[in-house]
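Results of the structural survey
Below, each chain spelled out in residue letters.
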Amino acid sequence: MPGADLSGVINYGWLAIIVIPLLSALRFINQFTNNYGIAIILLTLILTLLLFPIRLKQLTSMKKMQKLQPKVKEIQERYKRYKRRIRNAPR
């Protein structure tokens, strides 16, 4: 069966949008390394570098929310009694 194309046999489902580009990138990197282990490590490093700005933004946002959390708790405690009235109000 040399030369048989079995690529259509694999069904990635709804993850195909993510899997196919990642698999193509992995195969492309493997052309230069000839080692799938090293290719996976390099692809992971590339993805980490690409996603770094998003992760940095998420981290800074999380730090801001930590500073704000005591004020939010204070407001929740202050208006706790009104929350109960709203829940028990007839509809």
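See the structure shown above.
Moving on: the pattern of salt bridges. For the coordinates displayed, the defined rule picks out 1 salt bridge. In this structure, Arg78 engages Glu74 in a salt bridge whose closest nitrogen and oxygen atoms are separated by 3.0 Å. Remark: Glu74 and Arg78 occur in helix α2 (residues 36-78); sequence separation between them is 4 residues, near one turn of the helix. Residue classification places Arg78 among the partly exposed positions, given a relative accessible area of 45%.

Time to look at unusual backbone geometry. The phi angle of most residues is negative, glycine excepted, and most peptide bonds adopt the trans form. Not every positive phi belongs to a glycine, and Asn34 is a case in point at roughly 55 degrees. Along the chain, the position of Asn34 falls in the loop between α1 (16-33) and α2. Classification of Asn34 by relative accessible area gives exposed; the value is 66%.

On the surface, Lys57, Lys63, Lys64 and Lys67 cluster together to form a positively charged patch. Within the secondary structure, Lys57 is located in helix α2.

For the rest of this paragraph, the subject is α1. An ideal rise of 1.5 Å per residue puts 26 Å on 18 residues; α1 measures up with 25 Å between its terminal C-alpha atoms. Regarding α1, the residues found buried are Leu26, Ile29 and Asn30. One face of α1 carries all of its buried residues, which in axial projection span an arc of 105 degrees. Pointing more than 90 degrees away from the buried face of α1 are the exposed residues Ile17, Arg27, Gln31 and Phe32. Turning to α1, the residues buried within the fold contact α2. At the C-terminal side of α1, Asn34 shows a positive phi close to 55 degrees.

Thresholds, definitions, all that
- Starting afresh in each chain, residues are numbered from 1 along the sequence in its written order.
- In view of the model being predicted, local features appear only for residues whose pLDDT reaches at least 70, and side-chain atom pairs are presented and counted only at 80 or more, with totals across whole chains, interfaces and linings using the full set of residues.
- As a convention, hydrogens and water are excluded, and side-chain values are obtained from all of the structure's heavy atoms.
- Here, a salt bridge means any side-chain nitrogen of Lys or Arg that lies within 4 Å of a carboxyl oxygen of Asp or Glu.
- For the purposes of this entry, the term helix denotes a DSSP run of H or I that reaches at least four residues, the term strand denotes a run of E that reaches at least two, and both are numbered from the N terminus.
- Only protein chains enter the accessibility calculation, which uses a 1.4 Å probe. A residue is then buried if its area is under 20% of the maximum for its type, exposed if over 50%, and partly exposed in between.
- Within the patch definition used here, like charges are joined within 9 Å and nonpolar side chains (Val, Leu, Ile, Met, Phe, Trp, Tyr) within 5 Å, considering only residues with over 30% relative accessible area and no salt bridge.
- In these tables, accessible area is a Shrake-Rupley quantity obtained with a 1.4 Å probe, and a residue counts as shielded only by the protein chains included in the view.
- Charged residues are defined here as Lys and Arg on the positive side and Asp and Glu on the negative side; His and the ends of the chain fall outside this count.
- Charge positions are represented by NZ for Lys, CZ for Arg, CG for Asp and CD for Glu.
- Between the first and last residue of a helix there are one fewer steps than residues, each counted as 1.5 Å, and that sum is the expected span.
- For this quantity, the arc is that covered by the directions from the helix axis to the C-beta atoms.
- Whether two residues are in contact is decided by their heavy atoms, any of which lying within 4.5 Å being enough.

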